[in-house]
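Inside the fold
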Amino acid sequence: MKAAVLHEANQPLTIEEVAVNKPGPREVLLRTAFAGLCHSDLHFIEGLYPTPVPVILGHESSAVVEAVGDGVTYVKPGDHVITCLSVFCGTCSQCLTGHPNLCENTEVKMMPGMAQRMTWKGQQMNQAFNLSSFGEQMLVHENSMVKIDDDIPLDRAALVGCGVMTGVGAVFNAAKVEPGATVAVIGCGGVGLSAVNGAALAGAERIIAIDRVQSKLDIARELGATDTINASNLDAVEAVRELTKGGVHYSFEALGTKATAEQAFQMLRPGGTATIIGMVPFGMKIELHGFDFLRDRKIQGTSMGGNRFRVDMPRLLSLWRQGRLKLDHLISGRIKLGEINEGFATLKSAAPVRQLIDFAA
């Protein structure tokens, strides 16, 4: 199969021929349909997070089942699926207490460098996120996917595999936003816009979207934002405090920078909760004033929106069918696999929401 390979941080990805093993016990071979270009992948390309190389990145994808290994009962060849990096075993303490996204079983949720499912020029090709969506095929554990109806467009489905699940899940599962609350979302890419949409679905009374790109703020309005702040010419924290007369009940940081993570906490009213969704660069520390905690302000993280993806993703698709969850607004464009470097260059410009690799193109 052809795949986009990262050989070294801060170097272009190269399109290589990679050999994929046949499915082993409980493994599934998938034919990738669409894969989204996510800032999380860009962090690895830019060396902000370490990973063994050579590696095939990519984690937001939809696919069609090609073959299954022994013991697989959940899917069969021809099934349409959404993949998810929240691979779960179903039997560890995290899975059994309702946190399958934090599964501790490293035989199922393999650590970086452990999977031996692909080779390139006689050497091991590393798998990223237990998926590696930037390839024409994926060999994965059966618990890394959820079946979907065949009539659901696979491009829309791919979005739910990471950005939408993470943004909406942060609102529903991590923060548990209640009707009538005030919400601020920093960063209006695919994840942030999904958090805006999630806040609207949760019944938030006021939803403030914050970004530096006006076109993204315009989309945020269509997804449910009641107010927008262009942070290129305003102090976002002061603007939020002024709009809400003291701060929001819930804030969501969807960019992954030190400054915006700190701002998310600073714009809270007493008793408020800040949820950090974005991937702050590895090793970087966030600085907060200890005094602010005396008024019951809280800050928390979330892994993929605290998802239970085999339950949550079908529910999100049902909301999409009803017209309540917006997916069309998130697709900025479709590219071929060979255009992936240009796609990431465009992503760095902050202009697009979500570009999708169309493997049939």
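Rules used in this analysis
Residues numbered from 1 in each chain as written. Predicted model: local features only at pLDDT ≥ 70, side-chain atom pairs only at ≥ 80, totals over all residues. Heavy atoms only, no water. Helix = DSSP H or I, 4+ residues; strand = E, 2+ residues; numbered from the N terminus. Expected span 1.5 Å × (residues − 1). Buried < 20%, exposed > 50% of the residue type's maximum accessible area, 1.4 Å probe, protein only. Arc of directions from axis to C-beta. Pairing = 2+ DSSP bridges. Phe/Tyr/Trp six-rings, centres within 6.5 Å; stacked < 30°, edge-to-face > 60°. Lys NZ or Arg CZ within 6 Å of the ring centre and 35° of its normal. Axes fitted to C-alpha atoms, helices over the stretch in contact; angles between N-to-C directions. Parallel < 35°, antiparallel > 145°, perpendicular 65-115°, else oblique. Left-handed = near helix turned anticlockwise from the far one by under 90°. Contact = heavy atoms within 4.5 Å. 1 Å grid on protein atoms, 1.4 Å probe; cavity = no way out; pocket = protein on both sides within 12 Å on 5 of 7 lines; lining within 4 Å. Points joined across faces, edges and corners; volume = space filled by probe spheres on them. Nonpolar A, V, L, I, M, F, W, Y, C, P; charged D, E, K, R; others polar. Polar contact = N/O pair within 3.5 Å; in protein donor to acceptor, adjacent residues only side chain to side chain.

Time to look at helix H8 (residues 309-321). Compared with the 18 Å implied by 1.5 Å per residue over 13 residues, the 18 Å span of H8 between its first and last C-alpha is a close match. Within the sequence span of H8, burial applies to Phe309, Asp312, Met313, Leu316, Leu317 and Leu319. Across the axial projection of H8, the buried residues extend over an arc of 155 degrees, all falling on one side. Just downstream of H8 lies Gly323, where phi reads positive at about 85 degrees.

Moving on, we come to the sheet that holds strand E9 (residues 123-127). Two modes of strand pairing occur in sheets, parallel and antiparallel, and in both the strands are linked by backbone hydrogen bonds. The sheet built from 4 strands is open, its strands ordered E3-E8-E9-E5 with mixed pairing. What marks the edges here is a single partner per strand, and that holds for strand E3 (19-20) and strand E5 (55-56). Inspection of the sheet shows strand E8 (residues 118-120) paired to E9 by 3 bridges, in the antiparallel sense. When the sheet's bridge partners are listed, Met118 is paired in E9 with Met125.

Moving on, we come to the packing of aromatic side chains. One pass over the structure, following the stated rule, counts 6 aromatic pairs. Ring-pair connections join several aromatic residues into one group, and the members of that group are Phe44, Tyr49, Phe129 and Phe282. The ring of Tyr74 has Lys147 lying over it, and the distance from NZ or CZ to the ring centre is 4.9 Å.

So, about the packing of helix H3 (residues 154-175) against helix H4 (residues 190-202). Between H3 and H4, the least distance of the axes is 7 Å, while the angle of their chain directions is 40 degrees. Between H3 and H4, the angle falls in the class oblique. Viewed along their axes, H3 and H4 form a crossing whose handedness is right-handed. On the side of H3, the interface is formed by Gly163, Val164, Thr166, Gly167, Val168, Val171 and Phe172, while H4 contributes Gly190, Val191, Ser194, Ala195, Gly198, Ala199, Leu201 and Ala202.

With that settled, consider the side chain of His43. Following the sequence through the fold, His43 ends up in helix H1 (residues 39-45). When near neighbours in sequence (up to four residues on either side) are disregarded, His43 contacts Leu48, Tyr49 and Met279.

Tallied over the full model, the rule gives 1 cavity of 30 Å³ or more. Lining the largest cavity are Glu60, Leu159, Gly163, Val164, Gly190, Leu330 and Arg354. Here the lining of the largest cavity takes 3 residues from H3, the largest share from any one element. A per-class count over the lining of the largest cavity returns 3 nonpolar, 2 polar and 2 charged.

Before going further, it helps to spend a moment on the side chain of Asn307. Here Asn307 is to be found in the loop between strand E17 (298-301) and H8. At 3.2 Å, the side chain of Asn307 and the backbone nitrogen of Phe309 are in polar contact. When sequence neighbours within four positions are dropped, the list of residues in contact with Asn307 reads Cys84, Ser86, Pro100, Asn101, Met165, Asn173 and Asp312.

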